[in-house]
Amino acid sequence: MAARGAGDADAMRRWWEELVITIFDRMDGLVGAAHKGRLDDEEHDRAVSLALSRFTFNLIHTFEGVSMGELVNATKTLANFICMDVQRSSMARRTVSLDHGWDADDDGGSSSAWEAAESQRRFALDEHARDMDAFREEAMTHLSPRQREVVDLTFQGAEIEEICDRLGLTRDNAYQLRSRGLRKLAQLLRDHEDAS
Amino acid sequence: MFPTPDLLLSQFIDEWNAGRRPNVREYLRRVPEGAARDELADAIADWLAVAPTPELDAAARAQIRAEPVVQRVFAAAGEDAGLWPQVLPGLREQAGVSVKQVASRLVARFSLGKGDEARTADYLRQLEQGELDPTRVSRRLLDALGELLGASAQTLTDAATFGQGLRPAAAGGTLLRAEDPAQPWVAADFAILADAALEPAPPSLDEVDRLFLGGPEG
């Protein structure tokens, strides 16, 4: 935000565009999952546009003090919220505050955060990776041993074939262990966010 | 025989991890609408909440940059009107109302005169075409528009201010940082202010103007 404060609009713009590109697939996917395929292409694109505008607003006004882990969670929350806006009647979903996870003070003192825009972006992404690593490490202990092995390999990027080979599982069994393990992790993440 | 949500989730994850950019909506279309699709949507959302960000190569990043929705968002970021020209007509069409009908409902809502309908419609058209700064719209009009169009006032505000948040902050203190003598600039500013002071006062805003031009408190 010092790029903004110092009038370096180009640096700020580049930083923001790179961040949008990095988060786009996740945002697009979360919006799609939130409306469960019920919006047509035009409505979906509008929801993604609105989600990105909300994301940008929150980023600019509250980025300082907000970790990338919170950002991802807030992205999910706002994708749900935006979909409620775009198609209010079709789904029953959580009605959490849009501002959940974005509570940093808008005190106008955030200009230093724009400094060194590119390195900040990388730092933020590294922060997210570290946050998620720490969370996963703790959360994995709550899974069954078999689920843990499957999910661990999944996070390492192993495809289902490789997981079946390495753990001696049938495909159906591996699919199930993966789904259930991830569902449990997501629930733990929600609990973790609620508690903090 | 449709694939199970578990199988599709696994395929989605493998594609995501490999940086192949799987499309959620395409996956959802592979199962019939109903409980199975909802289950898959929830499972994918769960995955996306904890998924590592895949390494995207330059080609993938360029592909994302070229996505129409990304192009539109990037284009809107430099505009005074923000995202309003993109989202307002769509929200209105989705609500199944014409500009004239929105104007008519606003006139009724704010107890304006029947004669104000055309002017209200004209303001609405200007907003949809990006010819009017949406940050000048009053909060009560935002609330009313939100109700009519099925969007929260906050969402409309974000879309309105979207472009402005990405501009450099106002350059307070520019004069203090100037390397050249500032007197000519200051003199020019005074000349402009003096000319403005001699102009007759603009007509005062009526209720319709206040709604569209009066700012948040208008």
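Look up a bit, the structure's there.
Just so it is clear, the structure is predicted and the values come from calculations on it, not from any experiment.

So, on to the overall build of chain B. Each helix and strand in chain B was counted, giving 13 helices and 0 strands. Reading chain B from its N end, one meets helices and strands in the order α-α-α-α-α-α-α-α-α-α-α-α-α. Residue burial in chain B is summarised as follows: out of 218 residues, 43% are buried. Across chain B, the fraction of contacts at a sequence separation of at least 24, relative to all contacts at a separation of at least 6, is 70%. Only carbon and sulfur atoms are counted for the fraction: they give 55% of the accessible area of chain B, which is about 11200 Å².

So, about the side chain of Ser 49 of chain A. Tracing the backbone shows Ser 49 of chain A in helix 3 (residues 41-62). Apart from the residues lying within four places of it in its own chain, the contact partners of Ser 49 of chain A are Val 69, Val 73 and Leu 83 of chain B.

Facing 63 residues of chain B, the contacting portion of chain A comprises 67 residues. Linking chain B with chain A are 24 residue pairs in polar contact (both at pLDDT 80 or more), by the criterion used here. Of all the secondary structure elements, the ones that give two or more residues to the side of chain B that touches chain A are helix 1 (5-17), helix 2 (24-29), helix 3 (35-50), helix 4 (58-65), helix 5 (68-76), helix 6 (84-95) and helix 10 (153-165) of chain B. By residue number, the principal contributor to the side of chain B that touches chain A is helix 3 of chain B, which donates 11 residues.

Okay, helix 2 (residues 9-35) of chain A next. Residue and element names in this part refer to chain A. The largest bend along helix 2 reaches roughly 50 degrees and is located at Ile 23. Judged by how many residues are buried, helix 2 sits mostly within the fold: 22 of 27 residues are covered. Just downstream of helix 2 lies Lys 36, where phi reads positive at about 55 degrees.

Looking now at the packing of aromatic side chains. Tallying each qualifying case throughout the model produces 5 aromatic pairs over all chains. On the basis of an interplanar angle of 20 degrees and a centroid distance of 5.9 Å, the ring pair of Phe 155 of chain A and Trp 47 of chain B is categorised as stacked. Remark: Trp 47 of chain B occurs in helix 3 and Phe 155 of chain A occurs in helix 6 (residues 145-155); the pair is interchain, linking two chains. Taking the relative accessible area as the measure of exposure, Trp 47 of chain B reaches 0% and is therefore buried. Ring geometry for Phe 12 of chain B and Trp 16 of chain B: centres 6.5 Å apart, planes at 20 degrees, overall stacked.

This part covers the nonpolar core. Counting 95 residues, the largest nonpolar core has Trp 16 and Phe 55 of chain A together with Trp 47, Trp 84, Leu 106, Leu 145 and Phe 212 of chain B as its most contacted members. Tallying contributions element by element places helix 2 of chain A first for this core, with 12 residues. Counting contributing residues, this core receives three or more from each of domain 1 (5-59) and domain 2 (73-165) of chain B. Val 150, Ile 160, Cys 164 and Leu 167 of chain A belong to the second largest nonpolar core, which has 11 residues in total.

Quick look at the pattern of salt bridges now. What the rule picks out here adds up to 27 salt bridges over all chains. A salt bridge links Arg 72 of chain B to Asp 45 of chain A, with the shortest nitrogen-to-oxygen separation between them at 3.4 Å. With Arg 72 of chain B in helix 5 and Asp 45 of chain A in helix 3, the pair connects residues from two separate chains. For Asp 45 of chain A, a relative accessible area of 22% gives the class partly exposed. What emerges from the salt-bridge pattern is a single network uniting Arg 13, Glu 17 and Glu 18 of chain A together with Arg 61 and Arg 65 of chain B.

The rules we used
Residues numbered from 1 in each chain as written. Chains lettered and ligands numbered in written order. Predicted model: local features only at pLDDT ≥ 70, side-chain atom pairs only at ≥ 80, totals over all residues. Heavy atoms only, no water. Helix = DSSP H or I, 4+ residues; strand = E, 2+ residues; numbered from the N terminus. Buried < 20%, exposed > 50% of the residue type's maximum accessible area, 1.4 Å probe, protein only. Contact = heavy atoms within 4.5 Å. Areas by Shrake-Rupley, 256 points an atom, 1.4 Å probe, with all protein chains shown as cover. Polar contact = N/O pair within 3.5 Å; in protein donor to acceptor, adjacent residues only side chain to side chain. Bend = angle between axes of the 7 residues up to and from the residue. Phe/Tyr/Trp six-rings, centres within 6.5 Å; stacked < 30°, edge-to-face > 60°. Core = buried A, V, L, I, M, F, W, Y, C linked by side-chain atoms within 4.5 Å. Domains from an automatic or database assignment. Salt bridge = Lys/Arg side-chain N within 4 Å of Asp/Glu carboxyl O.

Nothing here speaks to function; it is all geometry.
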